[in-house]
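# Structural description and commentary
Now for the letters of each chain:
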Amino acid sequence: MKKSHLKKLLVLLVFIYANSAFAQQNTITGTVSDADGPLPGVNIVEKGTTNGVTTDFDGNYTITVGDNAILVFSYIGYTTFEAQVAGKTSMNVVLQVDAQALDEVVIVGFGSQAKVDVTGAISQIKQEEIKQIVSADPTNALQGRLAGVQVESGGGQPGAPTNVIVRGISSLTNTFPLYVVDGAIVDDITFLNPKDIIDIQVLKDATSAAIYGTRAANGVIIVSTNRGTANSAPKVSVDIRGGANTVARTLDFLDGPEFVQFLNQRSANEGLPANIVDNGVNTDFQDLSLNSGTIQDIGFNITGGGEGSSYYFSSNYYDEEGIVTSTDFQRINIRLNSRFNFGKWKIEESLSYNQRDLNQNPFFGSGTFTAPVVRASAPERLGGFEAIDSNLFGGSGGTNNYALAQLVDDQTTQRNVLGNFKVEYEVIDGLTLGLNYGVDYRNTYVNFRRPRFDMSPTDAQVNLNALNDLTEVRGEILSTNIEPTINYKNSFGKHDIDVLLGGARQQIDNNSIAIQAEGLPSDDITNIAGFTDAIVNSGGGRFLSRIFSVFGRVNYKFDDKYIFNAIVRRDASSRFSADGDFNSIVLPAFSAGWVISNEDFWPEDSVFNLLKFRAGYGELASQNIGDYLFQSVLNPASNVSFNNTTAGGFAITSLVDPNISFETAESTSFGLDAVLLDNKLSVGMDYYVRNNNDVLAAVAVPSTTGSATPVTQNAASIRNSGFELQANYDHDNGGDFKFNVGLTFATFSNELTALPNPLVGPSIDEEGNTPNRFEVGQPIGFFFGFQNDGLYRSQGDIDNDPALANDPERRAILQPGDFRRVDINGDGQINNDDRTNLGSPIPDFTYGINFNGTYKNWDFGLNLNGVQGNEIYNAQLFTGTFFLDGNKFGFLRNAFGSPGADNATTNIPRASLPNAAGNQLPSDFFVEDGSYLRLRSIEIGYDLTQVIDLPWVSSARVFYNMQNVFTITGYSGYDPEIGSTLVGTGGGFFGFPNNTPPILGRGIDLGAQPRPRTFILGLQVSF
């Protein structure tokens, strides 16, 4: 009886306990995110147990735990967060970035990955670093912050184009990377508002970029803009910045009396009368042309979100007045982004509008420098300005570039609408269908207006404009891309798999039209529409290109130690003939990683918190050339004669190769990623070799073909290799002072390994000089010319020079003060066979140092970058030393034979015009070391939140920013960061530069506008 009651009591207690335990089990759902949006792969564990889950791609999770459980949210790169359940059924968590850990989340093509799982070479820059650069172009923020990524801008013109080069020069036609903004394919990101950008990822090798196929041969830059944060109240942020551009450096030119003295000395050296009279004018045109300018950068954004949704709206106005007269730039940005999650659906959209207005001064530094004997204004002349009269100044001519900048109106307006829509549907757990659609519409309007003027009878082509003229150019580009995808992710046991299949179709429709009118009734007319009878020229064209693709990617990870990645993509392009297989290509890529620090044998007390090796091989291709280059073109101006009567005709006047196809690249890379010293120090190292084959080049053809125009063929090969180091150290011991130091370092080795015949770059002056050369065994675009061994100091030096032993003709024309050329081949003659490699525009290495710190309410940051081992061809030395026209550099005061010059030590040749000795020919006189170290920016800020102490002000900060603080360089020009040039490549569409690849003129300084030193004060407030 007692046993029976005891048994019943035990059963009752077990039943009560079981029901009690069951009642205490709660199912918790929620979303884990950071300040930028949902976080995939976050570990959520019930504390003290092995019960845990991870968030899906959208940051969602579901877990069943006890009523009094504590949930632990952990994610590499973020501070671990613990939360008491306390009967809750929903819990949304926002994780904070851990400054002491490696930032592990990166965006890859068509998705994201934890960096520990990445096997390719990917570099990243975050919003905090981007905001430190106050610039019209957000790509300037990349300079010095990412190893292996070079940013080249052609001077200080506001809104000027920027070249981004990833891992060196790999083509002779196009070096620009592919840009992807929120999933939309674009040509550049100059139109973006930097304040909207959350992060920028650069895919540098084939194993990471191959998913984008033939558009990714020069790397891929992926830009993510802000989409707001779910489950957050509306937040308004205002960012106001204002300041000034100032002149950072000026050059030394001759003043009026010195210029007259120089002209007389030049005449005397030529045996002519030195009787030029000083007219008493002494105008400093450099001082007139360079002035301070203002900057305004004003914007605001509204962000927030509800359950499963978020939004971001921003507007910004940027206005910059350049330091060069008649230059300014305005940009207006409006953006609306959103994200919605409901059930199994996820929808994202991005929509932005941008307008840029650019006023240019194409005359500053172009051609000759304005002579100081010209008055600043001449009210009595038509137009109000004058130019030099050669009859009064020994035949010296030239134009007044300062006057042209005041008279000519050169305005460009660009409008851009960028939209992207992405929808995903989760069919079953892990299987997602996606569709991405992007539209990029760009409209460009150029208005070039030149009034009537009469500045001088000298050089009438540039100094006299008897009939005003107006040119209007309109162009529009509509680019669309659509990308359907299927993505499957699953984890089972120790296995993790991620499979992506997709397709892509991109179409680019490019239309342009231009009209030029002359002799309009008024100089103030800005529209040709009502004056069709004044039209003297017109033109235009339409180009349509398409690319069709299918691709697949498999990511596999075993036991969190062994990682494998495979990509294959097939592209078909309309830019090549459809005959045979010329218009399609298949590109594979493979990579693997080994997280050695996760091995069982790895010591727990190791200095390394993470150590990963990775290696990969992949193939890329390029179709980044003009449209229809495989088709012959009829010349409509090929007249014929019938019975002594001329009639219009059409003829093929240039040859083409119908079999041209993709440029290809084979890329091999090895890398190491490490995190050590308790997650304080992160290091990434890479070594790569990239062999580019079938490179398109202009190959000369025999004159017997009837055409003198080179034919574009797949004829060249290029090899690039290099080593990259990126390191970051975070110091945070819990005190008031915290700081972060970043270091980048990258070496470059470049060689042209195949080319049927040497090529030369564009001519750069009226003499037709071409200093760039392309030759097998040499770096791309190396400088080619004569080496000098000082000057001939006396006639005896000329008579006894062994380099002239077999060259009596040259000995007869030489005079003291001419360059002594080096006889490279030792044949006792100086001729074109003695030209040699004078240096390369490609640096040996680049580096960057970045520092950010905080002390209590203060914050400060600086960014340095350096370039070492490259040369610059200073083409301005030609016009400023040897040319007949224009002013000259001040160092000519010490030219050989000049009054006060030390002929025994000077290396400045004698002033001479006929110059039969060829002193003006390309030589090492024009080649200078382009190495530099620049403190690009420094910023100091103070947190005003506690000072203001208002409940409706969530944060406030005031800051001071200075850019282009100082530059250490031996270069004598305005700025060693001169980039590439299109100038001098011949007349293109209505006088605009031809579509000549800028790489052909890399490293030539033709007068890039000086980069300003900028001072900015700013205020950032959030409500």
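Residues numbered from 1 in each chain as written. Predicted model: local features only at pLDDT ≥ 70, side-chain atom pairs only at ≥ 80, totals over all residues. Heavy atoms only, no water.

## Side note on the overall build of the protein chain
A tally of regular secondary structure across the protein chain gives 11 helices and 55 strands. Taken against the 2.2 N^0.38 rule, which gives 31 Å for 1023 residues, the C-alpha radius of gyration of the protein chain at 33 Å falls within 12% of a compact globule. Counting only residues that meet the buried cut, the protein chain has 53% of its 1023 residues in that class. Partitioning the contacts of the protein chain with sequence separation of at least 6, the portion at a separation of at least 24 is 70%. Accessible surface, the protein chain as shown: approximately 43,000 Å² in total, 56% of it carbon and sulfur. (Helix = DSSP H or I, 4+ residues; strand = E, 2+ residues; numbered from the N terminus. Rg over C-alpha atoms; globule rule 2.2 N^0.38 Å. Buried < 20%, exposed > 50% of the residue type's maximum accessible area, 1.4 Å probe, protein only. Contact = heavy atoms within 4.5 Å. Areas by Shrake-Rupley, 256 points an atom, 1.4 Å probe, with all protein chains shown as cover.)

## Overview of unusual backbone geometry
In the Ramachandran plot, Phe 110 falls in the positive-phi region, its phi being about 60° despite a non-glycine side chain. By secondary structure assignment, the location of Phe 110 is in the loop between β9 (105-108) and β10 (111-114). Here the phi dihedral of Ser 326 falls at roughly 70°; this positive angle occurs in a residue that is not glycine. When you line up the elements, Ser 326 lands in the loop between β20 (309-321) and β21 (328-342).

## Some points on the sheet that holds strand β44 (residues 782-785)
Backbone-to-backbone hydrogen bonds join strands into a sheet, with any given pair of strands oriented parallel or antiparallel. In space, the 4 strands of this open sheet follow the order β42-β43-β44-β47, with antiparallel pairing throughout. Unpaired on one side and paired on the other, β42 (759-760) and β47 (836-839) mark the two borders of the sheet. In terms of strand pairing, β42 meets strand β43 (residues 772-774) through 2 bridges, oriented antiparallel. Within β43, the residue paired with Val 760 across the bridge is Arg 773. (Pairing = 2+ DSSP bridges.)

## Quick notes on the pairing of strand β12 (residues 149-153)
A large share of β12 lies buried, amounting to 5 of its 5 residues. Every second residue of β12 is oriented toward a common face, with Val 149, Val 151 and Ser 153 on one face and Gln 150 and Glu 152 on the other, all of them buried. Taken together, the 5 bridges between β12 and strand β13 (residues 162-166) define a ladder with antiparallel strand orientation. By the bridge assignment for β13, Val 151 is matched with Val 164.

## Some details on the confidence of the model for the protein chain
Averaged over every residue, the pLDDT of the protein chain is 87; residues scoring 70 or more account for 91%. Considering each helix and strand of the protein chain separately, the mean pLDDT is smallest for helix α1 (residues 2-23), with a value of 42, and largest for strand β51 (residues 927-929), with 97. Low pLDDT, under 50, characterises residues 1-23; the predicted model gives this stretch 0 contacts beyond four residues in sequence or across chains. Confidence drops under pLDDT 50 across residues 982-995; counting only partners more than four residues distant or on other chains, this segment forms 33 contacts. (pLDDT = per-residue confidence, 0-100.)

## Section: the environment of Thr 162
Relative to the helices and strands, Thr 162 is located in strand β13. Separated by 22 residues in the primary sequence, Thr 162 and Asn 140 place their C-alpha atoms 8.0 Å from one another. In this view, Thr 162 contacts Asp 137, Thr 139, Asn 140, Val 151, Glu 152 and Ser 153; residues no more than four positions away in its chain are not counted. Among the polar contacts listed, one links the side chain of Thr 162 to the side chain of Asp 137, at a separation of 2.6 Å. (Polar contact = N/O pair within 3.5 Å; in protein donor to acceptor, adjacent residues only side chain to side chain.)

## Overview of the sheet that holds strand β6 (residues 70-74)
Read from one edge to the other, the open sheet built from 4 strands follows the order β4-β3-β6-β7, with strand pairing classed as antiparallel. Each having just a single partner strand, β4 (52-54) and β7 (81-84) make up the two edges of the open sheet. The average angle at which neighbouring strand axes cross in this sheet is 20°, direction not considered. (Axes fitted to C-alpha atoms, helices over the stretch in contact; angles between N-to-C directions.)

## Some thoughts on the environment of Asn 757
Here Asn 757 lies in the loop between β41 (749-754) and β42. Along the backbone, Asn 757 and Val 699 are 58 residues apart, and their C-alpha atoms lie at a distance of 7.1 Å. Non-local contacts of Asn 757, meaning those with residues more than four positions away in its chain, are made with Val 699 and Ala 700.

## Re the packing of aromatic side chains
By the definition in use, this model includes 37 aromatic pairs. Judged by centre distance (5.3 Å) and plane angle (40°), the rings of Phe 745 and Phe 845 are tilted. Of the two residues, Phe 745 sits in strand β40 (residues 737-747) while Phe 845 sits in strand β48 (residues 845-855), which places them 100 residues apart along the sequence. Judged by its relative accessible area of 26%, Phe 845 falls in the partly exposed class. (Phe/Tyr/Trp six-rings, centres within 6.5 Å; stacked < 30°, edge-to-face > 60°.)

## Some thoughts on helix α4 (residues 256-269)
For an α-helix the count is 3.6 residues per turn, leaving residues at separations of three or four pointing the same way. Here α4 spans 20 Å end to end across 14 residues, near enough to the 20 Å set by a 1.5 Å rise per residue. Turning to α4, its buried residues are Gly 256, Phe 259, Val 260, Phe 262, Leu 263, Asn 264, Gln 265, Arg 266 and Ser 267. In this structure Asp 255 caps α4, since a side-chain oxygen of it lies 2.9 Å from the backbone nitrogen of Glu 258. Positive backbone phi, at 75°, marks Gly 271, one or two positions downstream of α4. (Expected span 1.5 Å × (residues − 1).)

## Description of the pattern of salt bridges
Summed over all chains, the structure comprises 47 salt bridges. The partner of Asp 975 in a salt bridge is Arg 1011, with the nearest N and O atoms 2.8 Å apart. Here the residue Asp 975 occupies a position in the loop between β53 (955-969) and β54 (1004-1005), and Arg 1011 occupies one in the loop between β54 and β55 (1013-1022), the gap between them amounting to 36 residues. For the pair shown, Asp 975 and Arg 1011 are each scored as buried. Several salt bridges share partner residues, and in doing so they unite Arg 934, Arg 936, Asp 975, Glu 977 and Arg 1011 into one network. (Salt bridge = Lys/Arg side-chain N within 4 Å of Asp/Glu carboxyl O.)

## Structural notes on the side chain of Thr 399
Assignment of secondary structure puts Thr 399 in the loop between β22 (345-359) and α6 (401-407). When near neighbours in sequence (up to four residues on either side) are disregarded, Thr 399 contacts Thr 368, Thr 370, Ala 387, Leu 404, Met 455, Val 462 and Asn 463.

## Description of the pairing of strand β37 (residues 663-676)
Within β37, 11 of the 14 residues are buried, which leaves the element mostly enclosed by the surrounding structure. One ladder, built from 14 bridges, connects strand β32 (residues 608-622) with β37; its direction is antiparallel. Note on β37: the bridge partner recorded for Ser 622 is Glu 663. Taken together, the 13 bridges between β37 and strand β38 (residues 681-699) define a ladder with antiparallel strand orientation. By the bridge assignment for β38, Val 675 is matched with Ser 682. Where β37 folds back on β38, the antiparallel hairpin that results is connected by 4 residues, among which Leu 677 adopts a positive phi of roughly 55°.

## A word on the side chain of Ser 456
Among the structural elements, Ser 456 can be located in the loop between β25 (453-454) and α7 (460-463). In this structure the side chain of Ser 456 is engaged in a polar contact, spanning 2.8 Å, whose partner is the backbone oxygen of Ile 388. At a separation of 3.0 Å, a polar atom in the side chain of Ser 456 contacts the main-chain amide nitrogen of Thr 458. Discounting chain neighbours no more than four positions away, the residues touching Ser 456 are Arg 381, Ala 387, Ile 388, Asp 389 and Asn 463.

## Some remarks on the environment of Ala 460
Residue placement: Ala 460 occurs in helix α7. Residues Ala 460 and Gly 398, spaced 62 residues apart in sequence, show a C-alpha to C-alpha distance of 9.7 Å.

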